[in-house]
Amino acid sequence: MSADTSLDAARERLIVGLDVSTWAEAEAIVDALGDEITWYKIGYQLAFAGGLPLVGELARAGKRVFLDLKLLDISNTVEKGVESAMALGASMLTVHAYPHAMRAARRASEGSALTVLGVTVLTSLDEADLAEAGYGLSIPALVERRALAAREIGIGGVVASAEEAARLRPLVGDEMAIVTPGIRPAGAAPGDQKRVATPAAALRDGASHLVVARPIVAAERPAEAARAILREMAGVLA
Ligand code: C5P
């Protein structure tokens, strides 16, 4: 692959988290990154601060949006919610990886370009949190069970740490997306992330897409920081 082709392939796999509370801040990031970045993630913080119309605006500008709203409700409500997210222009959407929610999301998105992702177990939870919430399975067992259910039900992928990606890739096969946060280029500040992987290591571990926020959006020169990460990814994808 030529260097340009590998960079384009990397651009299909790098998702920048718009972890800000105002439309103006989000627009400033998107403007600063320009053509370097194709994918953006919008979560609760921006969505509930009036950021939802930005999904359509970004889509019309040729960008793709991962709407990280982690849906969980009765099947009918999830199904209708997914339909509305598609109408907004989202390309990826998360649901908690409960089988009924994944089935409802699959029904709503079947035949569309939307990739539904299952959040197996939130990576901030530990075994004690799970026990407190009434679960009887260990975290690895629950992650595995839900990832297998995601594959069986036929949704597009799962969200997982790089460490989990290595374990899940053989279980879910080559086609499913594994979207991985907690990415830090060598030498970058981990912030509150406890388990981090470099962009190259996460791809090698089986991640298909990387979610990066602070190492790009809080950088002095965001476009340069993005380019460095894209180059590192391109080195693995070449
Ligand atoms: O700034 P940083 O690169 O750590 O941001 C990572 C993004 O991925 C944030 O939007 C964060 O909420 C999200 N995320 C995460 N860990 C998860 C799930 C989502 O860091 N397990």
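The structure this text deals with has already been given above.
Residues numbered from 1 in each chain as written. Predicted model: local features only at pLDDT ≥ 70, side-chain atom pairs only at ≥ 80, totals over all residues. Heavy atoms only, no water.

Caption draft 1: Layout of the site of the ligand. The immediate surroundings of the ligand are formed by Asp19, Lys41, Thr123, Pro181, Arg184, Gln193, Val211, Val212, Ala213, Arg214 and Pro215. Between aspartate 19 and the ligand, the recorded distance is 2.7 Å, taken from a side-chain N or O atom to an oxygen atom. Protein contacts shield 80% of the accessible area of the ligand, which totals 460 Å² for the unbound molecule. In a pocket analysis with a 2 Å cut-off to the grid points, the ligand is assigned to the largest pocket. Of all elements in the fold, only β8 (209-212) and α11 (214-217) reach the threshold of two or more residues within the shell around the ligand. (Near = heavy atom within 4 Å. Polar contact = N/O pair within 3.5 Å; in protein donor to acceptor, adjacent residues only side chain to side chain. Areas by Shrake-Rupley, 256 points an atom, 1.4 Å probe, with all protein chains shown as cover. 1 Å grid on protein atoms, 1.4 Å probe; cavity = no way out; pocket = protein on both sides within 12 Å on 5 of 7 lines; lining within 4 Å. Sits in = over half its atoms within 2 Å of the grid points. Helix = DSSP H or I, 4+ residues; strand = E, 2+ residues; numbered from the N terminus.)

Caption draft 2: Fine view of the packing of helix α6 (residues 99-109) against helix α8 (residues 139-153). The interhelical angle for the contact between α6 and α8, taken along N-to-C directions, is 30°, at an axis separation of 10 Å. It follows from the interaxial angle that α6 and α8 lie roughly parallel. Seen along the crossing, α6 lies across α8 with a hand that is right-handed. Of the residues in α8, those touching α6 at Pro99, Met102, Arg103 and Arg106 are Arg146, Ala149, Ala150 and Ile153. Looking at the contact of α6 with α8 residue by residue, the class counts come to five nonpolar, no polar and three charged. (Axes fitted to C-alpha atoms, helices over the stretch in contact; angles between N-to-C directions. Parallel < 35°, antiparallel > 145°, perpendicular 65-115°, else oblique. Left-handed = near helix turned anticlockwise from the far one by under 90°. Contact = heavy atoms within 4.5 Å. Nonpolar A, V, L, I, M, F, W, Y, C, P; charged D, E, K, R; others polar.)

Caption draft 3: Molecular detail of the pattern of salt bridges. For the coordinates displayed, the defined rule picks out 10 salt bridges. Notably, a salt bridge pairs arginine 227 with glutamate 36, separated by 3.0 Å at the nearest N-O pair. You can see arginine 227 sitting in helix α12 (residues 222-237) and its partner glutamate 36 sitting in the loop between α2 (23-33) and β2 (39-43), a full 191 residues away along the chain. Glutamate 36 sits in the buried class, given a relative accessible area of 15%. Note that glutamate 224 and arginine 221 form a salt bridge whose closest N and O atoms lie 4.0 Å from each other. According to the relative accessible area criterion, glutamate 224 is exposed, its value standing at 52%. Salt bridges sharing common partners tie together Asp8, Arg11, Glu36 and Arg227. (Salt bridge = Lys/Arg side-chain N within 4 Å of Asp/Glu carboxyl O. Buried < 20%, exposed > 50% of the residue type's maximum accessible area, 1.4 Å probe, protein only.)

Caption draft 4: Summary view of helix α9 (residues 162-172). Residues of α9 that are buried include every one of Ala162, Glu164, Ala165, Leu168, Arg169 and Val172, and no others. Buried residues along α9 cover an arc of 135° about the axis, so they all sit on one side. Buried-residue contacts for α9 involve α8, β6 (157-159), β7 (177-180) and α10 (199-204). After α9 finishes, the residue glycine 173 shows a positive phi value of roughly 85°. (Arc of directions from axis to C-beta.)

Caption draft 5: Fine view of the sheet that holds strand β5 (residues 115-119). Taken together, eight strands build a closed barrel; the order of strands is β1-β2-β3-β4-β5-β6-β7-β8 and the barrel is parallel. Sheet twist, expressed as the mean angle between neighbouring strand axes with direction ignored, is 25°. Relative to strand β4 (residues 92-96), strand β3 (residues 64-71) is paired through three bridges, and the arrangement is parallel. Of the residues in β4, the one forming a bridge with phenylalanine 66 is methionine 92. (Pairing = 2+ DSSP bridges.)

Caption draft 6: Geometry of the packing of aromatic side chains. In this structure the tally under the stated criterion is one aromatic pair. Centroid distance tyrosine 44 to phenylalanine 48: 5.5 Å. Interplanar angle 20°. Geometry classified as stacked. Placement of the pair is tyrosine 44 and phenylalanine 48 together in helix α3 (residues 44-51), with a separation of four residues, close to one helical turn. Exposure remark for tyrosine 44: the relative accessible area of 45% places this residue in the partly exposed category. Positioned above the aromatic ring of tyrosine 98, the side-chain terminus of arginine 146 is 4.7 Å from the ring centre. (Phe/Tyr/Trp six-rings, centres within 6.5 Å; stacked < 30°, edge-to-face > 60°. Lys NZ or Arg CZ within 6 Å of the ring centre and 35° of its normal.)

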